[in-house]
Structures are given as C-alpha cells and as structure tokens.
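Chain residues, written in single-letter form:
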Number of protein chains: 2
Amino acid sequence: MKGLLIALLMVGLPAFLNSLQPEAHEASDTARVVLAIHGGAGTISRDRMTPEREQRYRAVLREALEAGYQVLQEGGTSLDAVVAAIRVLEDSPLFNAGRGAVLTNEGTAELDASIMDGRTLQAGAVAGVKTVKNPILLARQVMEASPHVMLVGRGAETFAQEQGLEQVPNEYFILPHRREQLRRMRERGMGAVPELKEHTYGTVGAVALDRYGNLAAGTSTGGIMGKRFGRVGDSPIIGAGTYADNAACAISATGQGEYFIRAAIAHEIVALMKYAGLTVEQAAAAAIHGTLTRMGGRGGVIALDRNGRLAMVFNTPGMYRGYVDEHGHITIQIYRD
Amino acid sequence: MKGLLIALLMVGLPAFLNSLQPEAHEASDTARVVLAIHGGAGTISRDRMTPEREQRYRAVLREALEAGYQVLQEGGTSLDAVVAAIRVLEDSPLFNAGRGAVLTNEGTAELDASIMDGRTLQAGAVAGVKTVKNPILLARQVMEASPHVMLVGRGAETFAQEQGLEQVPNEYFILPHRREQLRRMRERGMGAVPELKEHTYGTVGAVALDRYGNLAAGTSTGGIMGKRFGRVGDSPIIGAGTYADNAACAISATGQGEYFIRAAIAHEIVALMKYAGLTVEQAAAAAIHGTLTRMGGRGGVIALDRNGRLAMVFNTPGMYRGYVDEHGHITIQIYRD
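Residues numbered from 1 in each chain as written. Chains lettered and ligands numbered in written order. Predicted model: local features only at pLDDT ≥ 70, side-chain atom pairs only at ≥ 80, totals over all residues. Heavy atoms only, no water.

## So, the overall build of chain A
In step 1: Counting its regular elements, chain A contains nine helices and 13 strands.
In step 2: Within the span of chain A, comprising 337 residues, buried residues form 68% of the whole.
In step 3: Put simply, of all contacts in chain A between residues at least 6 apart along the chain, 71% involve residues at least 24 apart. (Helix = DSSP H or I, 4+ residues; strand = E, 2+ residues; numbered from the N terminus. Buried < 20%, exposed > 50% of the residue type's maximum accessible area, 1.4 Å probe, protein only. Contact = heavy atoms within 4.5 Å.)

Listed below in structure tokens is the structure:
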C-alpha cells in the first residue's frame with residue numbers, strides 16, 4: 001500500500017511540476033544542445049544596460065560558446081569544451097570570475113572553481129586561489145593529477161606551482177571598477193548579507209555534451225563582493241554549484257551560494273531525475289522555483305541532459321546565458337524573455 | 001506509460017534494496033533512537049585491539065552519548081545534543097578530531113567540521129582551522145551568527161576570535177603518537193592515496209532527534225594523515241559528509257572523503273528517501289553498499305530518521321559507533337558484529 005502511494009505521488013509529481021516552469025528552455029526536437037554557458041544571475045536591469053554594454057556581454061558569451069563548440073567539433077571531450085568556454089569568461093573583465101572578479105573586504109581577489117566529469121563522477125575544486133590565472137584549469141588539474149577533490153588557499157597555490165599552471169600577481173584580476181564598488185560598499189557600511197545585485201554576485205559556468213555521449217560541468221567565480229572570513233560559496237562545492245552524472249545531467253549554478261549549498265541544488269536536480277523520474281526541465285524547475293524559492297534564495301542553473309535537452313532556469317530578473325546546438329547555431333539571452 | 005514505468009520501478013526498488021543491507025541497524029519497534037554517534041570507520045582489527053584499549057574507546061563513546069542524551073533529557077534541541085556529543089569526541093585524544101587529530105605533512109593539525117539543522121536546513125561549516133579548540137562550536141557559530149555557510153582558513157579563525165570562541169595553540173591538538181605516525185609515513189615516502197587504515201582516517205560525528213521532532217547532524221575531523229595542499233575532505237561539505245532534513249533524515253559520514261564528495265553521499269541518502277520512497281535503512285544501504293562500493297570508496301554513515309529509526313552502515317571491517325534510545329539505553333559497537 002505504501003509502495004502504491006509512493007508510486008502515485010511519483011506519477012503525479014512530473015505533471016504538477018510541468019505546470020510551473022515557464023522559463024525552462026525547451027530544446028527543439030531536432031537539434032540537440034551540446035554546450036551551454038552562464039555568466040551569472042541577478043538584477044540585470046534593462047535601465048542600466050546600454051546597447052553598447054549589452055553588445056559587449058553578448059560578444060564574450062558568443063566567443064566562449066564558439067571556443068567550446070570548436071573543441072567539440074574537433075572531437076574533444078565535454079570536459080575540454082567546458083574548460084575552453086570558462087577560460088574565455090575568466091579572461092574577460094566583464095564577469096565575476098578570473099580577471100574582473102569581485103574583491104574581498106581586504107581588497108584582494110580570491111577565486112573558486114570546480115569541474116566534474118559525468119562519465120566517471122571524478123571532480124576537482126579549488127577555493128581561495130589568489131595567483132592562478134585560470135582557476136578552472138587548476139580545478140581540472142586537482143581532478144586529474146591529485147588524489148583529492150578539493151584544495152583550498154595556499155595549498156592549492158602550491159599545487160598549481162608544482163603542476164606548472166600559469167600564475168599572475170593578484171593585481172591581474174583586479175579592475176578599477178571593482179575597487180570603486182568596494183569603496184562604495186565600505187562607505188555604506190558593508191551589509192552583512194549583500195543583496196543579489198548585478199556584479200555583486202555573478203558566477204560563470206558551462207555544461208557540455210560530447211560526441212561520445214559524456215556530460216561535464218564547470219563553474220568559476222570570485223564569490224561575493226566584500227566577502228570576509230574566507231567565505232566559500234557554492235561554486236567550488238560539488239553537489240551545490242556543480243554536478244555532472246551521465247545518468248542524469250550536468251549542472252552549473254549561480255546565485256546566493258549559501259542557499260545552493262544548503263539545498264545541495266546541483267545534486268538535487270540529478271536526484272530528481274534519477275529517483276523521481278523528472279525530465280531535466282522539470283527537475284531544474286523544481287529545484288529553482290520549488291526548493292530554492294521556498295527557502296528564500298535567488299539564482300539560477302543551466303542543466304543539460306544526455307539527450308541534449310537543456311534547462312536554463314532562474315528566479316532573478318535576468319541571467320547571462322547562451323547555448324549552441326549540434327549544428328553550431330548559437331543563441332544568447334540576458335533577460336527573462 | 002512512462003509514469004507507470006517509473007511507478008513500477010519505484011515500487012520494486014525498496015524490495016530489491018531490502019535484500020542487500022545486512023549491517024543496517026533495525027531500531028526496535030518500541031524504542032526510538034534519539035542520538036547516535038560514530039568515531040570513524042576503517043580497518044579496526046581485533047588483533048591490534050587490546051581489551052584495555054577497546055575499553056578506553058567504549059568509555060569515551062559512552063561519555064559522548066551520555067552528554068548528548070542529557071541535553072535531550074533536559075529539553076535541549078537536537079543541535080545542542082549533536083554539539084555536546086561531538087565536543088566529548090573532539091576533546092578526547094582517541095579520535096581524529098580536535099585533540100588527537102592527524103597531522104598535515106607540515107606537522108600541523110588542520111581541522112574541519114560542519115553542522116546542519118534539519119528543521120530549517122540551516123548549516124555551518126569550517127575547514128583548515130588551526131587554533132579553535134572545538135571546531136564543531138565554530139561550525140555552529142558560522143550557522144547562527146554569520147550569513148555564510150562555509151568559512152575556511154585564516155578567515156574562519158578571525159571569525160572565531162570575533163565570536164569569542166576558546167582558542168588554543170596548535171600544539172594542543174598534537175599528540176606524540178601522531179608525530180610518530182607522520183614520521184613513519186614520511187619514511188615510507190607518503191603514499192599519494194593513503195589507504196583506509198585505523199587512525200589514518202577516522203572522523204567523528206553525531207545525529208540526533210529531539211522531543212520537538214527535529215533532526216540535526218554534525219561531523220568533525222582532522223582529515224587524512226599527511227595531507228598536503230590544503231586538502232578538504234567530505235566532513236565540512238554539506239551534502240557529502242553531513243546533511244539533515246526533517247523531511248528525510250540526519251546523516252554523518254566517515255571514510256575516504258573524496259568518494260563521499262563525488263557521490264554527495266549524505267544528500268543522496270536524503271534524496272533516496274524523499275524521491276525513491278526508501279526507508280532510512282534502505283537509503284543508507286543503497287548509498288554505501290551500492291553507490292560508494294561501486295565507485296571503489298570505503299567508509300560508513302550513521303543516519304537517523306524522524307521516527308527514531310537508525311541506520312549504521314559501513315563497508316569497512318569496523319566503525320566506532322553507538323546510540324542511545326529514548327529510554328536512555330546505550331549500545332556501543334566497534335566491529336561488524
């Protein structure tokens with residue numbers, strides 16, 4: 001009897017969830033999505049966005065998608081594609097990852113990143129990195145060249161040196177407008193819980209599906225503006241900001257990291273697909289519009305399943321995002337269109 | 001049709017899983033378990049264990065259970081009970097947490113801990129702490145007195161100072177036999193992936209259910225012997241080493257942390273209960289004997305549901321563990337009896 005009840009609940013749940021996912025992207029039936037990226041979710045207002053500014057964001061998102069797509073076209077793996085796309089976003093000053101990251105209350109950039117391989121469930125993550133040019137490369141190196149999953153702080157830097165990764169002075173990451181943001185934030189007295197504003201949050205991430213049928217996901221961030229106390233958000237937490245499992249989907253998240261950790265959002269989406277039988281769109285919608293929203297958290301995810309079905313779901317006014325399908329067709333979006 | 005298929009799978013799964021859980025503890029029908037603890041899973045061999053040594057372990061496990069049970073008896077919360085029990089284990093030199101922790105390859109103790117409230121899904125975690133006497137207290141302070149979930153390294157110490165937590169020199173944590181272990185490990189050339197031996201791993205943790213019907217979980221560790229590079233294991237990762245959700249159960253894990261992170265073991269158990277309809281025993285068995293074992297990982301979990309049903313599941317020869325039921329009856333076990 002109990003089993004029957006559970007069964008009935010399981011059957012009813014997908015139908016219910018279908019009804020509450022207006023923003024979930026429905027991949028067309030003919031073209032599989034092979035790569036998707038995000039550049040952060042938040043209050044991205046059309047008021048503050050000039051056409052020139054929007055064009056700059058679109059150009060970098062396109063560049064990241066093209067870099068990842070080229071890797072896939074040449075027979076590279078989904079891991080390679082995720083890294084290629086995220087490197088472009090890290091190197092761009094427009095996003096809160098790598099160059100252009102937000103600053104800690106001490107005025108330094110401290111970067112977090114993670115990556116996961118959906119085929120093997122191998123994963124790598126770093127937090128509090130100050131001198132590694134591309135934290136996503138370091139996360140991958142942790143996954144592939146160390147027995148560990150997560151390295152933090154000085155130890156992560158030492159490992160990066162041993163692995164010969166490119167290092168830069170911390171100033172490389174710091175742009176004048178970030179110093180100005182920090183100065184204004186200090187003047188206002190540094191709210192304990194920063195609101196989810198553009199540039200305050202805004203992580204980058206990518207999910208990919210390669211010709212071998214394997215999924216991968218990666219995320220990179222500077223965290224939150226004015227952060228103190230060695231705060232670690234969800235981006236380097238496997239299961240919170242990043243997860244990939246060929247049996248379900250690949251996910252990268254962005255938003256108020258504390259909520260994503262508490263709800264284990266990325267793993268929750270995988271679990272909803274594996275154990276509740278939801279589609280990727282239903283699972284992502286349930287996690288963001290259900291769990292996250294109920295808890296009072298804000299942000300979004302991109303989630304790609306093994307059939308190339310993509311969900312891009314967020315409960316903020318906007319999320320920088322884009323995807324490319326198997327034919328190379330690129331779509332870029334910013335607002336909740 | 002697809003819904004029906006899912007429904008049938010869901011009905012079949014519990015029965016299947018029932019068949020593979022010989023070590024799952026079955027709480028008696030009359031007495032609910034209100035508190036359970038573990039002191040690490042590993043190769044705990046009867047050969048090396050003298051009666052005196054075993055007695056010392058049993059005495060501390062009992063002391064921890066009594067401390068937590070007293071809190072519950074006096075109307076304290078499950079969070080209070082978890083903290084009270086873990087403090088005893090941290091203060092004891094016998095376990096790899098707080099005093100008596102293993103050492104990094106630099107000869108220092110670097111401690112990790114986390115805690116989670118099943119009622120609110122609030123959580124706190126710290127990693128790489130060197131001078132806070134009881135890391136579990138700091139994790140709780142992060143949960144209750146900061147807007148963040150996870151603080152690492154120097155920032156976590158600074159926060160501890162601001163909060164007035166008791167601090168000690170790093171030497172407080174370091175015992176002669178740990179220095180000797182590190183010396184021997186160095187002589188042998190420090191295997192990159194330490195095996196799961198007694199004292200090499202061996203985290204402590206607690207799960208509790210209070211009279212208000214609320215669950216809580218906590219975990220504390222020194223990590224792995226000879227660790228380098230600021231390695232962070234599963235203990236401070238919400239969803240991996242610790243999770244609590246009144247809608248399912250409270251979990252604390254111990255073992256080869258990298259596998260627990262990659263499989264998000266603690267959240268996986270919660271998800272199996274919520275979305276696949278498994279009991280706590282079935283879900284813990286599926287995670288440890290299914291997922292973890294398939295991946296090649298070793299370790300165990302304690303998991304307590306809202307009805308006082310307890311699962312203590314591990315795929316190692318032994319796990320220091322114990323529990324107390326609502327009548328105050330204490331049970332302590334070490335081997336796979």
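## Topic: helix α2 (residues 51-73) of chain A
All names here are of chain A.
In step 1: For α2, which comprises 23 residues, the first-to-last C-alpha distance of 32 Å matches the rise-based estimate of 33 Å (1.5 Å per residue) to within 8%.
In step 2: Along α2, the residues classified as buried are Arg 53, Glu 54, Tyr 57, Val 60, Leu 61, Ala 64, Leu 65, Gly 68, Tyr 69, Val 71 and Leu 72.
In step 3: Packing partners of the buried residues in α2 comprise β1 (33-42), α3 (78-91), β5 (204-209), β12 (318-325) and β13 (330-335). (Expected span 1.5 Å × (residues − 1).)

## Details of the relation of the copies chain B and chain A
In step 1: When chain B is fitted onto chain A, the two copies agree to an RMSD of 0.0 Å after a turn of 180 degrees and an axial shift of 0.0 Å. What we have between these two chains is a two-fold relation.
In step 2: A shared interface surface links the copies, since 100% of the contact residues of chain B are contact residues in chain A too. (Least-squares fit on C-alpha atoms with pLDDT ≥ 70 in both.)

## Some details on the pairing of strand β10 (residues 299-305) of chain A
One face of the sheet, then the other: side chains in a regular strand alternate in exactly this way.
All names here are of chain A.
In step 1: With respect to burial, β10 is a largely interior element, seven of its seven residues being buried.
In step 2: Covered by surrounding structure in β10 are Gly 299, Val 301, Ala 303 and Asp 305 together with Gly 300, Ile 302 and Leu 304, the residues of both alternating faces.
In step 3: Here seven bridges tie strand β9 (residues 249-255) to β10, and the two strands are oriented antiparallel to one another. Opposite Ala 250, over in β10, you have Leu 304 as the bridge partner.
In step 4: Across five bridges, β10 lies against strand β11 (residues 310-314) in antiparallel orientation. Pairing of Ile 302 across the sheet is with Met 312, part of β11. (Pairing = 2+ DSSP bridges.)

## Description of the interface of chain B and chain A
In step 1: If you look at the interface, chain B gives 50 residues, while chain A gives 50 residues.
In step 2: Where chain B abuts chain A, roughly 4200 Å² becomes buried across the two surfaces, and 64% of that area is made up of carbon and sulfur atoms.
In step 3: The three residues of chain B that bury the most area against chain A are Phe 229, Arg 262 and Tyr 275 of chain B, which together make up 19% of that side's buried surface.
In step 4: Between the two partners, chain B and chain A, sit four salt bridges.
In step 5: With its nearest N and O atoms 3.8 Å apart, the salt bridge here joins Arg 154 of chain B to Glu 106 of chain A.
In step 6: At the surface where chain B touches chain A, the tally comes to 19 residue pairs in polar contact (both at pLDDT 80 or more).
In step 7: Among the secondary structure elements, those contributing two or more residues to the side of chain B that touches chain A are α1 (2-18), β4 (150-152), α5 (153-162), β7 (231-232), α7 (257-262) and α8 (265-276) of chain B.
In step 8: Per-element accounting of the side of chain B that touches chain A gives the leading share, seven residues, to α8 of chain B.
In step 9: Of the residues that constitute the side of chain B that touches chain A, the class distribution is 30 nonpolar, ten polar and ten charged.
In step 10: Of the pairings in the sheet, the one linking strand β7 (residues 231-232) of chain A to β4 of chain B comprises two bridges and is antiparallel in character. Each residue of the ladder has a partner; that of Val 232 of chain A, found in β4 of chain B, is Met 150 of chain B. (Buried area = accessible area lost by both parts, 1.4 Å probe. Salt bridge = Lys/Arg side-chain N within 4 Å of Asp/Glu carboxyl O. Polar contact = N/O pair within 3.5 Å; in protein donor to acceptor, adjacent residues only side chain to side chain. Nonpolar A, V, L, I, M, F, W, Y, C, P; charged D, E, K, R; others polar.)

## Observations regarding the side chain of Ser 114 of chain B
All names here are of chain B.
In step 1: Take Ser 114: it is sitting in strand β2 (residues 111-117).
In step 2: Note on Ser 114: relative accessible area 0%, which makes it buried.
In step 3: In terms of polar contacts, Ser 114 uses its side chain to reach the side chain of Thr 242, at 2.8 Å.

## Focus on the packing of aromatic side chains
In step 1: Scanning the entire structure with this criterion turns up ten aromatic pairs over all chains.
In step 2: Between the aromatic rings of Phe 95 of chain A and Tyr 320 of chain A, the centroid separation amounts to 5.9 Å while the plane-to-plane angle is 90 degrees, which identifies the pairing as edge-to-face. Of this pair, Phe 95 of chain A sits in the loop between α3 and β2 (111-117) while Tyr 320 of chain A is found in strand β12, placing the two residues 225 residues apart along the sequence.
In step 3: Taken together, the ring pairs connect Tyr 57, Phe 95 and Tyr 320 of chain A into an aromatic cluster.
In step 4: Seen from the ring of Tyr 172 of chain B, Arg 99 of chain B lies directly overhead, with NZ or CZ sitting 5.3 Å from the centre. (Phe/Tyr/Trp six-rings, centres within 6.5 Å; stacked < 30°, edge-to-face > 60°. Lys NZ or Arg CZ within 6 Å of the ring centre and 35° of its normal.)

## Description of the nonpolar core
In step 1: Val 301 of chain A together with Val 301 of chain B are the most contacted members of the largest nonpolar core, which has 118 residues in total.
In step 2: Filtering out sequence-adjacent residues up to four positions away, Val 301 of chain B remains in contact with Ile 251, Ser 252, Ala 253, Phe 260, Ile 265, Ile 269, Ala 284, Ile 288, Ala 311, Met 312, Val 313 and Met 319 of chain B. (Core = buried A, V, L, I, M, F, W, Y, C linked by side-chain atoms within 4.5 Å.)

## Topic: the sheet that holds β7 of chain A
The strands making up a sheet associate through hydrogen bonds between their backbones, and the pairing can be parallel or antiparallel.
In step 1: In space, the nine strands of this open sheet follow the order β7(A)-β4(B)-β3(B)-β2(B)-β6(B)-β5(B)-β1(B)-β12(B)-β13(B), with mixed pairing throughout. Unpaired on one side and paired on the other, β7 of chain A together with β13 (330-335) of chain B mark the two borders of the sheet.
In step 2: Judged from the six bridges that link them, strand β5 (residues 204-209) of chain B and strand β6 (residues 215-221) of chain B form a sheet pairing that is antiparallel. Looking across to β6 of chain B, one finds that Ala 206 of chain B is bridged to Gly 218 of chain B.

## Observations regarding the confidence of the model for chain A
All names here are of chain A.
In step 1: Overall, the prediction assigns chain A a mean pLDDT of 89, with 88% of residues at 70 or greater.
In step 2: Below a pLDDT of 50 lies the segment residues 1-12, which in the model reaches 15 contacts outside its immediate sequence neighbourhood of four places, other chains included.
In step 3: Between residues 14-28, whose pLDDT stays under 50, and residues either more than four places distant or in other chains, the model counts 33 contacts.
In step 4: For this predicted complex, the interface confidence comes out at an ipTM of 0.90, alongside a pTM of 0.91. (pLDDT = per-residue confidence, 0-100.)

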